[in-house]
Amino acid sequence: MELSKRLQAVADLVTAGCRVADVGTDHAYIPIALVQEGRIPGAVAMDVNTGPLERARLHVAENRLEEKIELRLSDGLAALSPGEADSVVIAGMGGGLVIRILTEGAQTVQGVKECILQPQSEIEKVRAFLLEEGFLFLQENMVLEDGKYYPMMKVQPPKSEAVHSDASGNGVCAWNETELRYGKLLLESRNEVLRSFLQREIRMKEQILRNLRGKDSDRIAGRRNELEQELKYAEKGMEYYAL
């Protein structure tokens, strides 16, 4: 099965040989592709809604993978028992929902080797949550598809609730605001897609600020301050590429 650029990038973060739990599987494209490639032995594909789950069931059947991919109706990780999966994939949903799923399924999450996350919003909030909870960032990536930028990450869950930092600098205090916004690993690796995102952000913010010149009101002043702050962070992000 050929995946979209975004889904392929998510699938590429899954460690070969892992048993996968795909949360919010929708069409079950990721588990089907991974099984077909021989990357994983099997998967549990879960969704909270019956419609997407039925679509997933049809796709699994079309590819004759019923013995490899099990489908479950599940709110987040509720239908997954500890030890059933090595890798949890949560992609294509809002950041707040990602945080809720990880929080409510904390006991199950602590038993897996990795979580592959691709939040569609509130990425800074998700990163801060992961660091505060003691997750170890293993890898970050970002892709551009159809004019949209998609950041994603592979993290190792904490093995105990007491862990909130680690010797490799992944503690929440070790990441500055710029790194929380754009991804410390992406910045340190000088990710080219992130570079284009930052360049676009700078162009857009500068253009809007130019358009606001000569206009004066409390609302516009507040917007101008907000844009200037966002521009400053984007410029700080670009400093990583000058090193």
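Refer to the structure printed above.
Just so you know, these numbers come straight off a predicted model, no measurement behind them.

> Sorry if this is basic, but what is going on with helix α10 (residues 218–239) here?
Since the α-helix advances by 3.6 residues per turn, residues separated by three or four positions end up pointing in the same direction. Under the 1.5 Å per step criterion, the end-to-end length of α10 is 32 Å for 22 residues, consistent within 8% with the ideal 32 Å. Residues of α10 that are buried include every one of Ile220, Arg224, Leu227, Leu231, Tyr233, Ala234, Gly237 and Met238, and no others. Those residues of α10 that are buried are in contact with α7 (177–182), α8 (184–188) and α9 (192–212).

> Got a minute to help me understand helix α6 (residues 123–132) in this structure?
Of all 10 residues in α6, 7 are buried, a share of seventy percent or more. The elements touched by buried residues of α6 are α4 (95–104), β5 (114–119), β6 (136–145), β7 (148–156), α7 and α8. Gly134 sits one or two residues past α6 and shows a positive phi near 90°.

> How should the layout of surface pockets be read in this particular structure?
The gaps left among the atoms become clear once a water-sized probe is rolled over them. Its volume calculated, the largest pocket comes out at about 420 Å³. Ile123, Met142, Pro151, Arg181 and Phe197 are the residues nearest the centre of the largest pocket, which is lined by 22 residues in total. Elements that contribute at least two residues to the lining of the largest pocket include exactly β5, α6, β7, α7, α9 and α10. The greatest single-element share of the lining of the largest pocket, amounting to 5 residues, is contributed by α9. Looking at the lining of the largest pocket residue by residue, the class counts come to 11 nonpolar, 3 polar and 8 charged.

> When you look at the state of the cysteines in this model, what are you seeing that I'm missing?
In a disulfide, the sulfur atoms of two cysteines are covalently bonded to one another. Taken as a whole and judged by the stated rule, the model has 0 disulfides. The thiol of Cys18 is not disulfide-bonded; the next cysteine sulfur, from Cys115, is found 11 Å away. The class for Cys18 is buried, based on a relative accessible area of 4%.

> Which parts of the structure should I look at to understand the pairing of strand β4 (residues 87–93)?
Consecutive side chains along a regular strand alternate between the two faces of the sheet. With 6 of 7 residues buried, β4 lies mostly within the body of the structure. With 4 bridges joining them, strand β1 (residues 20–23) and β4 adopt parallel strand pairing. Each bridged residue has a counterpart across the sheet, and for Val23 the counterpart in β4 is Ile90. Two strands pair when backbone bridges link them, and β4 and β5 are joined in this way by 6 bridges, in the parallel orientation. Among the inter-strand pairings, Ala91 is bridged to a residue of β5, identified as Gln118.

> Looking at this model, I keep getting lost on the sheet that holds strand β3 (residues 69–73). Mind explaining?
Hydrogen bonds between backbone atoms are what pair the strands of a sheet, whose relative direction is either parallel or antiparallel. With mixed pairing, the 7 strands of this open sheet are ordered in space as β3-β2-β1-β4-β5-β7-β6. With partners counted over all chains shown, the strands left at the sheet margins are β3 and β6, one partner each. If you compare each strand with its neighbour and ignore which way they point, the axes differ by 15° on average. In the sheet, strand β2 (residues 43–47) pairs with β3 via 5 bridges, with the strands oriented parallel. By the bridge assignment for β3, Asp47 is matched with Leu73. The strands touched by α4 within the sheet are β1, β4 and β5, with β4 carrying the most contacts at an inclination of about 155°. Across the sheet, α6 touches β5, β6 and β7, and the angle it forms with β7 is around 5°.

> Would you take a moment to explain the packing of α4 against α6 for this structure?
Two numbers describe a pair of packed helices, the interaxial angle and the distance between the axes. Interhelical geometry of α4 versus α6 gives an angle of 20° and a closest axis separation of 8 Å. Taken together, the axes of α4 and α6 lie roughly parallel to each other. The element α4 and its partner α6 pack so that their crossing is right-handed. For the pair α4 and α6, the contacting residues are Gly95, Ile99, Leu102 and Thr103 in the first and Lys125, Val126, Phe129 and Leu130 in the second. Residues of the contact of α4 with α6, tallied by class, amount to 5 nonpolar, 2 polar and 1 charged.

> Just to check I follow, could you spell out the nonpolar core for this structure?
Nonpolar side chains in soluble globular proteins tend to be buried together. With 30 residues, the main nonpolar core has Ile90, Leu102, Cys115, Leu117 and Leu130 as its most contacted residues. Residue assignment for this core shows that the elements contributing at least two residues are β1, β2, β4, α4, β5, α6 and β7. The residues touching Leu117, leaving out its near neighbours within four places in the chain, are Ile90, Val98, Leu102, Leu130, Met152, Met153 and Val155.

About the criteria used
- Residues numbered from 1 in each chain as written.
- Predicted model: local features only at pLDDT ≥ 70, side-chain atom pairs only at ≥ 80, totals over all residues.
- Heavy atoms only, no water.
- Helix = DSSP H or I, 4+ residues; strand = E, 2+ residues; numbered from the N terminus.
- Expected span 1.5 Å × (residues − 1).
- Buried < 20%, exposed > 50% of the residue type's maximum accessible area, 1.4 Å probe, protein only.
- Contact = heavy atoms within 4.5 Å.
- 1 Å grid on protein atoms, 1.4 Å probe; cavity = no way out; pocket = protein on both sides within 12 Å on 5 of 7 lines; lining within 4 Å.
- Points joined across faces, edges and corners; volume = space filled by probe spheres on them.
- Nonpolar A, V, L, I, M, F, W, Y, C, P; charged D, E, K, R; others polar.
- Disulfide = S-S within 2.5 Å.
- Pairing = 2+ DSSP bridges.
- Axes fitted to C-alpha atoms, helices over the stretch in contact; angles between N-to-C directions.
- Parallel < 35°, antiparallel > 145°, perpendicular 65-115°, else oblique.
- Left-handed = near helix turned anticlockwise from the far one by under 90°.
- Core = buried A, V, L, I, M, F, W, Y, C linked by side-chain atoms within 4.5 Å.

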